Every structure is written in structure tokens, then in C-alpha cells.
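For reference, the chains in residue letters:
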Amino acid sequence: MAEETKRMTRTERLEKERETNLKFWEEQDALLMKHRQEAYHIGGEDQIARLAKQGKKPMRDLIQMLMDPGTEFFEVGLDAGYRIGEKKLYGGSIYEEEKRGHIPGGGVVTGIGTIHGKDCMIFANENRYAAGTYFPITLKKHMRAQAIAEQCGLPCIYIADSGGINLPLQLGCFADDGHFGTMFFNMCRMSAKGIKQYTLSTGGNTAGGAYMVYLATESIMIEKLAFAFLAGPPMVKSAIGETVSQEDLGGAYVHTQHSGGCDHFVQSQEEGIRKLRAMMEFEPSQKLHMDRRESREPRFDYKEMMRCSPVDTYHLINIKDTIKCLADDSYFHEYKATYEPGRGDSIICGKMWLKGIPIGVIASNASGVIHIEAARKATEWMIRCGNSKLPVLFLQGSPGYMVGKAVEWGGIGKYGSDMVRACSCLEAPKITYVIGPDHGAANYGMCGRAFKPRFAFTNMRGRTSVMSGNTAGFILETVRRKNIEAKGAAVNEEDMEKFRQMMRERYNSEGHPFYTGSLMFHDGVIAFSEARDKLARAFEIALRVPVRESDWGDLKF
């Protein structure tokens, strides 16, 4: 094979590489689609049959009934909870001890649906898994969706069927900021801002979960299916010795006819969905706070984007080949196109239309290493976009800022910090799409999760970690080698090679989109075929509220 490659012309080698890339990314996106199926069909047919006996449909079916026909559910956080027990975060090993180490979908369905032409954030407890109870990762996903709803001014609809906190994992659910109570704090604060909160209770809402019904702007309960109480019958018996049924303690008739804790009584899930849709008719219409022109298809399709994306995440990439597959008519208006070739062009800046929406672009290019000149250009462009109230797409594929004596003397720290400050203070909607290395301070300057993008996505090529596996292996090996030598011991080179390889594999695994998605470090993995549509939809949602003025703070230009 190597000899055959040698005999090829440069054009033939390039075409072979392009077709290799295409095949690889088609396989990776097929893996992504298979990965999603676990969350879509959690529990399989057995769980669907169990719900049917109770007179219930799966939550995803209810969501489809709720939404306008022909519209798509824009899901957020689908990757949450996959193999969560192996991650040692948000509950740690207790997930495994409780045999809850794998929670496809994270225990709650969240995303934006269109109802009577209005975008709404929908929350639906995954009652096919652990009675819809909340794990630490469930809370993280639920509150991420609430944050998006608040930032974008979206009415919230809760289809509630939950046993509340998953008691064996209560330590990660109660009672810190960001735990169970924060859900209700968020409901109250959004309501105070005029962002309506609607609840359809289709099952149990126990203890704190009952506030999903009580705190709603308007709530609906279903006869003999829905219950809401601060303490269920077993706790009531334990606390005061009273014996009472669920229905008489907190059924739909109790809260609609007596307590006043609920507003609407219905007799089936289908009737409840119709009532929700009727409520949404009274919601004010939404507009796009941006001039939008007619959408034009790119002159290159997503398969061209696959062909131009190297299999190796750390291989040089010409980002303009990606942009031409996203931009309307493949047109890109570049900013400072000729500025400092070789250093200034490790970030490409400019404007394009994305399905008719004008957006600014800040994109990692070539190796992605951010030089002084690239940092200065990116900072300038963020300021221009912010001042023009132009939303910004960050195409992140950078392993970090340039290092070394010359660049430190030249001010890489200062200019990199300006880039981080500009990213932090940019008030125009920011959306991040990781398409390559996503390491260290480059994660900051290129709008990683901590810098509050309205949405953060990745594709299967993205790798998010503090550094690459190779770099981590080298650094940690150096430290280990130095410690051994300081004790006067001999370094075992075979053991050192095993250690180096172990660290490489660990970092590469922890940076993988499925791993980072399991922990909710991003909002979802986007297939190449979906990129243009999903990014455009994300900007459309983000622009449901007016763009605010940006204040740039103490820039050091």
C-alpha cells in the first residue's frame, strides 16, 4: 500500500485522502446515530408496555403530539448520563453501587419545540427509567435547559412524572446551589421576568417535585394518573400515623377542587396535551431580532465538509473548506485576509449568512495554534461584532496559544487575555461548534462552556481536555522521571513507556465527545449532515430576544 501511494501523483494522493476522510466520518456519524438510539428507546418495548398498562405514552410521543405538525424537536443534552458511573463526577461510584451507572439521556428529555409557531423549552421526565427520579446529572441537564430558556426568553413547559430526588444519590442532589431547589428558584425568577412556566402532570410529583405543579403559571393534572404531595402516603403514615391513598392525598381532584394548587383537571394525557396547546395560543408571537434575508443553499454539501476534515484531530485543516459548506451560497466575507500570513491566519475571521441570518465567524485554522497576531485579530473582530450586535459562531479547533520566550516577551499573555476578555464581555449571541482540538486557554478564548455561549456543540472530530494526550503523557512522564531520579532510583524505561501510553489513552478518552457529552460539557454532538441546519436553528432561537450592548471592560490593547 505504501509503495502504491508513493507512485501516486500529488493530486491522486489528495483525492485518496479526501475519500478516506469521507468514509471515516460517515462511519463516525453512523456511530453517533446508533449512540442516540439508546436514549430514544431507553428500556425498549418492555417499558413502553409498562406505561401502556398505566394509560401512559412515552414522553417523546407526548412531545411530538404537543408540537406543531411538521416541526422538529431541537434536543439539548441528549448525550448526558452515558456510562456516568465510570466518570466519577456528579455522584461518582455510587452510580455503579446503585446499578445506575448508565443513564442514556440523563433521566430527562429537554429541548425546544414549536407550538402555535412559538418556540418553547420543553422538559419531560424520563419515566421509563428509575421512575423519572433526579440524579445529579439529571439536575445538571434540567438546569442547563432552564438557563437556555432564560437567556432566550422561551416559555417553559414541564411534562412532569417524577419521584423527585433519587434518594441513594441525594448527596449530589440536595441542598447546594445547583441542586434540586435551584430548579424551583429558576422557575420563580423566570416567571418574575415574564417567562411563563406551564406544567402538565402525567404522574407522581412527590416532595420537592410537587412544586413543579404549584409554581407553574398554569398547571394541569390528569384524573387518577397525576399526584402531587409534599409527602407520599408512606411518609404520612410514618410521620403522623394517618393512612391515606395517593388519590385522596394529592390526586387531580384534590388540587383542582379543594387545595387550589392546580388549575386544570383533565381525564387523559391526550386531553392534557390539547389543554397545553390551548394555553400556548395565548402566548405572544415571537420574532427574530435580526434582519434575515432569503436562505440560499451552499455550493458545497456536507460530504465535501467530511472530505476536507482530516481523520486525525491534530492534522492541519483549511477551515475555509468547512465554512464554504455552511455559508449561504458558500460566500464568506473575510476580515484582514492578508494579515501576517503564517501567524495571523491561525484564526480566520469574517461574516457570512447562515440560512439567511447574518453572523460573524471566528474560526481556528491550520494547526489552530493561536499566535499573537491571531489573538489580536480575533479580539478586534469580537469587538466589531459586539458593537454591530452581530451574533458570532466560534469554530473551535485550537490546541492552545503559542508558547516560548519570544512570544511571552511579545505579549501572548496580554493579547490572549484580551481575547478572553472580549469573549467574556461579548453580549451578541455566541454559539460554539468544536470541530478539532479544544484544549487549555484556547477553550477560553474560543468560547468554551464557561464563557456562556447560548449553545455549545461538538462534532465527532472534537476533543475537549486541558491538553492533548501526547502533551499530557510527555509532561507527566517528565515529572515522574524527575521524582524517581531525585530519590536516587533508576528509571525503568519499559514501565515509563507504559505510563506514557496510559496517560495518552486516558486523555484521549476523556476528551471524546461521548465522554464530555455524558458530563454535559456541551449541548450535543452534531453530525456533519446536520451542522448547517442545527447551527442556523440555534441562532434563530438565540435571537428570540433583543441583542444587548457589549461593554468591553479593561482591554489592554
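A brief report on the enclosed structure follows.

### A few points about the pattern of salt bridges
Per the counting criterion, the structure on display carries 37 salt bridges. For Glu530, the salt bridge identified is with Arg36, shortest N-O distance 2.7 Å. You can see Glu530 sitting in the loop between helix H21 (513-518) and helix H22 (531-542) and its partner Arg36 sitting in helix H2 (residues 10-40), a full 494 residues away along the chain. Across the pair, exposure class does not vary: Glu530 and Arg36 are buried alike. A salt bridge links Asp523 to Arg144, with the shortest nitrogen-to-oxygen separation between them at 2.8 Å. You can see Asp523 sitting in the loop between H21 and H22 and its partner Arg144 sitting in helix H6 (residues 136-152), a full 379 residues away along the chain. We classify Arg144 as buried; its relative accessible area is 13%. Residues joined by salt bridges that share partners form a network here, namely Glu15, Arg18, Glu304, Asp321 and Lys324.

### Brief notes about the environment of Gly368
Structurally, Gly368 is set in the loop between strand S11 (357-364) and helix H15 (372-387). Beyond its immediate sequence surroundings of up to four residues, Gly368 is in contact with Ser346, Gly397, Ser398, Pro399 and Gly400.

### Quick word on unusual backbone geometry
With the exception of glycine, most residues fall at negative phi, and the peptide bonds are largely trans. Put simply, Phe174 and Ala175 share a cis peptide bond, and its omega is 15°. A positive phi angle, near 55°, is found at Ala131, a position not held by glycine. Structurally, Ala131 can be placed in the loop between strand S3 (118-125) and H6. With a phi close to 60°, Lys452 is a non-glycine residue in the positive phi region. For Lys452, the location among the structural elements is in the loop between helix H18 (440-445) and strand S14 (455-458). Its relative accessible area of 58% is what places Lys452 among the exposed residues.

### Section: the layout of surface pockets
Here the largest pocket is characterised by a volume of approximately 610 Å³. If you list the elements that add at least two residues to the lining of the largest pocket, you get helix H3 (44-53), strand S4 (156-162), strand S5 (197-206), strand S7 (227-229) and helix H9 (233-240). Taken together, the residues that form the lining of the largest pocket break down as 14 nonpolar, 15 polar and three charged. Its volume calculated, the second largest pocket comes out at about 470 Å³. Along the wall of the second largest pocket there are 26 residues; nearest its centre are Tyr40, Phe73, Glu75, Leu78 and Lys534. Looking at the lining of the second largest pocket residue by residue, the class counts come to 12 nonpolar, four polar and 10 charged.

### Concerning the state of the cysteines
In total, this model carries zero disulfides according to the counting rule given. Cys262 takes part in no disulfide bond, and the closest cysteine sulfur, belonging to Cys188, lies 17 Å away. Among the residues examined, Cys262 registers a relative accessible area of 5% and is labelled buried. Lacking any disulfide linkage, Cys325 is separated from the closest cysteine sulfur, that of Cys308, by 6.1 Å. Of the residues examined, Cys325 reaches a relative accessible area of 4% and is grouped as buried.

### Structural notes on the side chain of Asn166
Note on placement: Asn166 falls in the loop between S4 and helix H7 (180-192). Beyond its immediate sequence surroundings of up to four residues, Asn166 is in contact with Ala130, Thr133, Tyr134 and Phe135.

### Notes on the packing of aromatic side chains
Using the criterion set out here, one finds 14 aromatic pairs in the structure. Between Tyr129 and Phe135 the ring centres are 6.0 Å apart and the planes differ by 55°, which places this aromatic pair in the tilted class. Joined through ring pairs, the aromatic side chains of Tyr134, Phe180, Phe184, Tyr211 and Tyr214 make up one cluster. Here the basic side chain of Arg100 rests over the ring of Tyr129, its NZ or CZ set 5.2 Å away from the ring centre. Of note, Lys324 hangs over the ring of Phe300, and the distance from its end group to the ring centre comes to 4.3 Å.

Conventions adopted
Position labels on residues start from 1 in each chain and follow its written sequence. In keeping with the predicted nature of the model, local features appear solely for residues at pLDDT of at least 70, side-chain atom pairs appear and are counted solely at 80 or more, and the whole-chain, interface and lining totals rest on all residues. By convention in this description, side-chain values take in all heavy atoms of the structure and omit both hydrogens and water. One side-chain nitrogen of Lys or Arg within 4 Å of one carboxyl oxygen of Asp or Glu is enough to make a salt bridge. For the purposes of this entry, the term helix denotes a DSSP run of H or I that reaches at least four residues, the term strand denotes a run of E that reaches at least two, and both are numbered from the N terminus. Throughout, exposure labels follow a simple rule: accessible area from a 1.4 Å probe, protein chains only, divided by the maximum for the residue type, with under 20% read as buried, over 50% as exposed, and the rest as partly exposed. Any two residues whose heavy atoms approach within 4.5 Å are treated as being in contact. A 1.4 Å probe that fits into a set of points on a 1 Å grid over the protein atoms alone but cannot get out defines a cavity; an open set with protein on both sides within 12 Å along at least five of seven lines defines a pocket, and lining residues are those with an atom within 4 Å of a point. Grid points are joined across faces, edges and corners, and a volume is the space filled by probe spheres set on the points. Residues are sorted three ways: Asp, Glu, Lys and Arg are charged, Ala, Val, Leu, Ile, Met, Phe, Trp, Tyr, Cys and Pro are nonpolar, and all the rest, Gly among them, are polar. Any cysteine sulfur atom paired with another within 2.5 Å is treated as part of a disulfide. Stacked, edge-to-face and tilted labels apply to pairs of Phe, Tyr and Trp rings (six-membered ring for Trp) whose centres lie within 6.5 Å, assigned for plane angles under 30 degrees, over 60, and everything in between, in that order. Two limits define a charge over a ring: the Lys NZ or Arg CZ must be within 6 Å of the ring centre, and within 35 degrees of the ring normal.

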